[in-house]
Amino acid sequence: MDAETILASQRGSVPRYTSYPTAPHFTDQDGLTIARSRIESLPDDEAISLYLHVPFCDRLCWFCGCHTKHTLKYAPVEAYLGALIKEMATVRATAGRRLRLAQVHLGGGSPSMLRQPDFIRLSSALRREFEVDDDTEISVEIDPSDVTEETLEGLVALGVTRASVGVQDFSEAVQEAINRPQTFEQTRDVITALRATGIHSLNIDALYGLPLQTEERLVSTIDQVLSLAPDRIALFGYAHVPWLKKHQTLIRDEDLPGTMERFHHAALAADRIAAAGYDRIGIDHFAKPGDTMGIAAREGRLFRNFQGYTTDACRTLIGLGASSISSYGDAYVQNIVPTSQYEKTVLDGRLSAMRGVKLTLDDRIRAYIIERLMCDFAFSFDALEEKFGYAARPYIAEARLVAANDRFGLCDASSNRFAIRDEARAFTRIVASFFDAYLDNGTVRYSKAV
Ligand SMILES: C[S@@+](CC[C@H](N)C(=O)[O-])C[C@H]1O[C@@H](n2cnc3c(N)ncnc32)[C@H](O)[C@@H]1O
Ligand code: SF4
């Protein structure tokens with residue numbers, strides 16, 4: 001197994017597999033009909049998850065790959081929130097009842113830039129249009145530079161149980177190269193304040209592959225992150241996709257680490273986090289032993305959704321807000337992306353679903369295989385047959401063929417199991433891509449596999 005050859009190959013750039021088929025293949029233009037029919041026919045006793053997207057930030061980090069817009073004015077955010085609340089009411093009307101929520105995730109952008117009255121507005125709308133109880137997990141993504149006393153009061157009013165704090169890198173040189181100033185002290189104080197409000201479950205996002213990142217700077221960032229003792233750490237590889245995100249062209253190509261340097265940085269950071277006692281979860285997450293994500297991973301109950309890894313076992317995830325994606329088990333649907341068009345649509349009392357894809361049986365079997373590989377690095381042939389019956393047989397044969405033809409030495413197939421080799425786990429996205437039937441049409445460009 002030669003990392004350099006693998007990463008230089010055509011498989012060196014592949015999807016992140018937060019869904020299968022991946023978003024560029026949502027080609028059904030009538031997403032609205034799909035969304036409406038799925039919401040109308042949700043079984044009475046089924047709890048769902050909700051994703052709420054806030055596509056605004058009061059700063060623009062040059063590395064950012066999220067659907068967000070820089071704004072120094074608050075009025076557009078307030079107006080957008082009105083639209084989001086209206087969309088909640090439309091979902092309730094479409095379902096014909098208040099749907100029970102198992103999980104709510106508020107992401108962005110930076111939902112932490114909401115002002116206290118808007119957190120309260122959101123909280124009452126959520127509880128008016130949906131059933132929220134003591135077991136509902138409510139999580140929020142936080143940019144520490146936004147957090148004031150008012151934000152903390154807002155988070156408490158919303159009933160937030162988990163927070164995810166963006167760090168990326170603490171060294172000044174890297175922060176300058178990505179336009180994201182943020183001191184360790186500022187981050188530490190926000191984490192302390194979040195804990196003091198009763199939010200005890202905290203995640204920190206860190207990145208490797210950033211411009212001007214050196215081994216020394218990365219190790220120092222990881223050590224500072226570890227000193228904050230978060231329950232979970234997400235260590236993402238910077239996805240440099242300037243053909244999709246214009247502002248990433250502000251990052252100088254010559255400042256970016258090379259492919260092999262990225263590969264070594266990823267391993268160095270991951271080993272350091274694991275050596276501090278964290279469990280490795282999937283390809284880029286870490287959790288303290290005893291954290292629900294670590295337990296779920298050990299018990300084969302880890303899943304993948306549009307936010308990455310999750311313990312959320314709900315079949316249905318409804319995404320509200322501009323660009324959000326919903327997952328209905330047998331279909332995915334994406335909402336309108338431009339914020340103004342989204343607001344106009346939902347304020348007219350309509351769902352904002354735009355394009356989607358209904359999963360064929362082939363899609364569903366491949367989606368299952370890819371999700372298990374991304375979460376467990378393996379899948380069992382018995383489990384596949386138990387889930388899909390005889391239809392699973394050709395895919396078991398295909399898995400054996402994939403292992404037999406794997407010129408990189410990344411995977412093995414035994415009589416009952418297909419598995420990624422322990423030493424090849426860094427290449428999990430590449431192995432998952434061997435089962436991706438859409439990849440070879442070559443029309444979409446992806447970020448680096450590691
Ligand atoms: C919505 S942001 C988190 C909340 C807040 N906006 C912040 O930046 O602190 C989600 C996370 O996505 C990750 N991210 C953003 N752009 C990325 C990119 N181009 N490649 C990899 N990860 C990225 C960052 O780690 C970031 O913390
Ligand atoms: S990284 Fe976070 S704060 Fe920065 S632009 Fe992206 S979403 Fe906004």
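Residues numbered from 1 in each chain as written. Chains lettered and ligands numbered in written order. Predicted model: local features only at pLDDT ≥ 70, side-chain atom pairs only at ≥ 80, totals over all residues. Heavy atoms only, no water.

J.: Quick question: what am I supposed to make of the overall build of the chain here?
T.: When helices and strands are tallied, the chain shows 15 helices and 20 strands. In terms of C-alpha radius of gyration, the chain reaches 21 Å, essentially the compact-globule figure of 22 Å for 450 residues. Taken along its principal axes, the extent of the C-alpha atoms in the chain is 60 × 50 × 40 Å. Put simply, the chain has 450 residues, and 55% of those count as buried. Relative to all contacts within the chain whose residues are 6 or more apart in sequence, the contacts with residues 24 or more apart total 72%. Element-wise, carbon and sulfur atoms account for 50% of the exposed surface of the chain, whose accessible area totals about 18,900 Å². (Helix = DSSP H or I, 4+ residues; strand = E, 2+ residues; numbered from the N terminus. Rg over C-alpha atoms; globule rule 2.2 N^0.38 Å. Buried < 20%, exposed > 50% of the residue type's maximum accessible area, 1.4 Å probe, protein only. Contact = heavy atoms within 4.5 Å. Areas by Shrake-Rupley, 256 points an atom, 1.4 Å probe, with all protein chains shown as cover.)

J.: What should I look at first to understand the environment of Tyr238 in this one?
T.: Inspection of the secondary structure puts Tyr238 in the loop between strand 9 (232-237) and helix 9 (259-275). Judged by its relative accessible area of 2%, Tyr238 is buried. When the C-alpha atoms of Tyr238 and Ala206 are compared, they prove to be 9.5 Å apart, with 32 residues separating the residues in sequence.

J.: Help me understand the site of ligand 1 in this model?
T.: Near ligand 1 lie 20 residues; those nearest to it are Phe63, Gln168, Arg180, Asp205 and Ala239. The separation between a nitrogen atom of ligand 1 and a polar main-chain atom of Gly109 is 3.0 Å. Here a nitrogen atom of ligand 1 and a side-chain polar atom of Ser110 are 2.9 Å apart. Listing elements by their share of the shell around ligand 1, those giving two or more residues are strand 6 (137-142), strand 7 (162-168), strand 8 (201-208) and strand 9. Tallied by class, the residues present in the shell around ligand 1 amount to eight nonpolar, eight polar and four charged. (Near = heavy atom within 4 Å. Polar contact = N/O pair within 3.5 Å; in protein donor to acceptor, adjacent residues only side chain to side chain. Nonpolar A, V, L, I, M, F, W, Y, C, P; charged D, E, K, R; others polar.)

J.: I keep staring at the site of ligand 2 and nothing clicks. Help me out?
T.: All residues in the neighbourhood of ligand 2 are listed as Cys57, Arg59, Cys61, Phe63, Cys64, Gly109, Ser110, Asp143 and Arg180. Partitioned by chemical class, the residues of the shell around ligand 2 number four nonpolar, two polar and three charged.

J.: Explain the pairing of strand 20 (residues 417-420) here, please?
T.: For a regular strand, side chains alternate in direction, first toward one face of the sheet and then toward the other. Where strand 18 (residues 378-380) meets strand 20, three bridges bridge the pair, whose relative direction is antiparallel. Bridging across to strand 20, Ala378 finds its partner in Ala419. Sheet topology places strand 19 (residues 411-413) next to strand 20; three bridges connect them, and they run antiparallel. Note on strand 20: the bridge partner recorded for Cys411 is Ile420. Turn length for the strand 19-strand 20 hairpin, with the two strands adjacent in sequence and antiparallel, is three residues. (Pairing = 2+ DSSP bridges.)

J.: Whenever I open this one, a negative patch on the surface confuses me. Can you help?
T.: A surface patch of like charges, here negative, comprises Glu131, Asp133, Asp134 and Asp135. Assignment of secondary structure puts Asp134 in the loop between strand 5 (130-131) and strand 6. (Patch = residues over 30% accessible without salt bridge, like charges linked within 9 Å, V, L, I, M, F, W, Y side chains within 5 Å. Salt bridge = Lys/Arg side-chain N within 4 Å of Asp/Glu carboxyl O. Lys, Arg positive; Asp, Glu negative; His and termini not counted. Charge placed at Lys NZ, Arg CZ, Asp CG, Glu CD.)

J.: I would appreciate a short explanation of the pattern of salt bridges in the present structure.
T.: A pair can form between side chains of opposite charge whenever their charged atoms are brought close. This model, assessed by the stated rule, comprises 25 salt bridges. Residue Asp143 pairs with Arg59 through a salt bridge whose shortest N-O separation is 2.8 Å. Residue Asp143 is found in the loop between strand 6 and helix 5 (149-158), and its partner Arg59 is found in the loop between strand 2 (56-57) and strand 3 (69-70); the two are separated by 84 residues along the sequence. Like Asp143, the residue Arg59 is buried in the burial classification. Salt bridges sharing common partners tie together Arg59, Asp143 and Arg180.

J.: Teacher, can you tell me more about the domain arrangement of the chain here?
T.: Frequently, the measure chosen for interface size is the accessible area that the parts lose on association. On domain assignment, one finds that the chain holds domain 1 (8-358) and domain 2 (361-441). Spacing between the C-alpha centres of domain 1 and domain 2 amounts to 27 Å. The interface is formed by 19 residues belonging to domain 1 together with 28 residues belonging to domain 2. A buried area of about 2,100 Å², summed over both sides, lies between domain 1 and domain 2, and 63% of it is on carbon and sulfur atoms. On the domain 1 side of the contact with domain 2, Arg11, Tyr17 and Tyr20 bury the most area, a combined 38% of that side's loss. Taken together, the connections running from domain 1 to domain 2 amount to zero salt bridges. Inspection of the region where domain 1 meets domain 2 yields eight residue pairs in polar contact (both at pLDDT 80 or more). Its residues assigned to classes, the side of domain 1 that touches domain 2 shows ten nonpolar, five polar and four charged. (Domains from an automatic or database assignment. Buried area = accessible area lost by both parts, 1.4 Å probe.)

J.: Help me understand the environment of Ile191 in this model?
T.: By secondary structure assignment, the location of Ile191 is in helix 7 (residues 184-196). For the pair Ile191 and Ser327, spaced 136 residues apart in sequence, the C-alpha separation works out to 32 Å. If sequence neighbours within four positions are ignored, Ile191 has contacts with Val165, Leu202, Ile204 and Leu228.

J.: How should I be thinking about the packing of helix 2 (residues 31-40) against helix 3 (residues 75-95) in this particular structure?
T.: Between two packed helices, both the angle of their axes relative to each other and the distance between the axes serve to describe the pair. Direction vectors running N to C along helix 2 and helix 3 enclose 60 degrees, while the axes themselves pass 8 Å from each other. With respect to helix 3, the element helix 2 is oriented oblique. The two elements helix 2 and helix 3 cross, and the hand of that crossing is right-handed. Taken together, the residues of helix 3 that come into contact with helix 2 (itself represented by Arg36, Ile39 and Glu40) are Val91, Thr94 and Ala95. Classifying every residue of the contact of helix 2 with helix 3 by side-chain character gives three nonpolar, one polar and two charged. (Axes fitted to C-alpha atoms, helices over the stretch in contact; angles between N-to-C directions. Parallel < 35°, antiparallel > 145°, perpendicular 65-115°, else oblique. Left-handed = near helix turned anticlockwise from the far one by under 90°.)

J.: Honestly, helix 5 in this entry has me stumped. Any pointers?
T.: Note: α-helices contain 3.6 residues per turn, so residues at a spacing of three or four share the same orientation. Considered for burial, the residues of helix 5 that qualify are Thr151, Leu152, Gly154, Leu155 and Leu158. Viewed along the axis of helix 5, the buried residues span an arc of 160 degrees, placing them on a single side of the element. Against strand 4 (99-108), helix 4 (116-129), strand 6 and helix 7 lie the buried residues of helix 5. Immediately beyond the C-terminal end of helix 5, within one or two residues, lies Gly159, with a positive phi of roughly 85 degrees. (Arc of directions from axis to C-beta.)

J.: What should I look at first to understand the side chain of Ser49 in this one?
T.: With respect to the secondary-structure elements, Ser49 resides in strand 1 (residues 48-54). At 2.4 Å, the side chain of Ser49 and the side chain of Asp312 are in polar contact. Excluding residues within four positions of it along the chain, Ser49 makes contact with Gln103, Asp312, Cys314, Thr316, Leu317 and Ile318.

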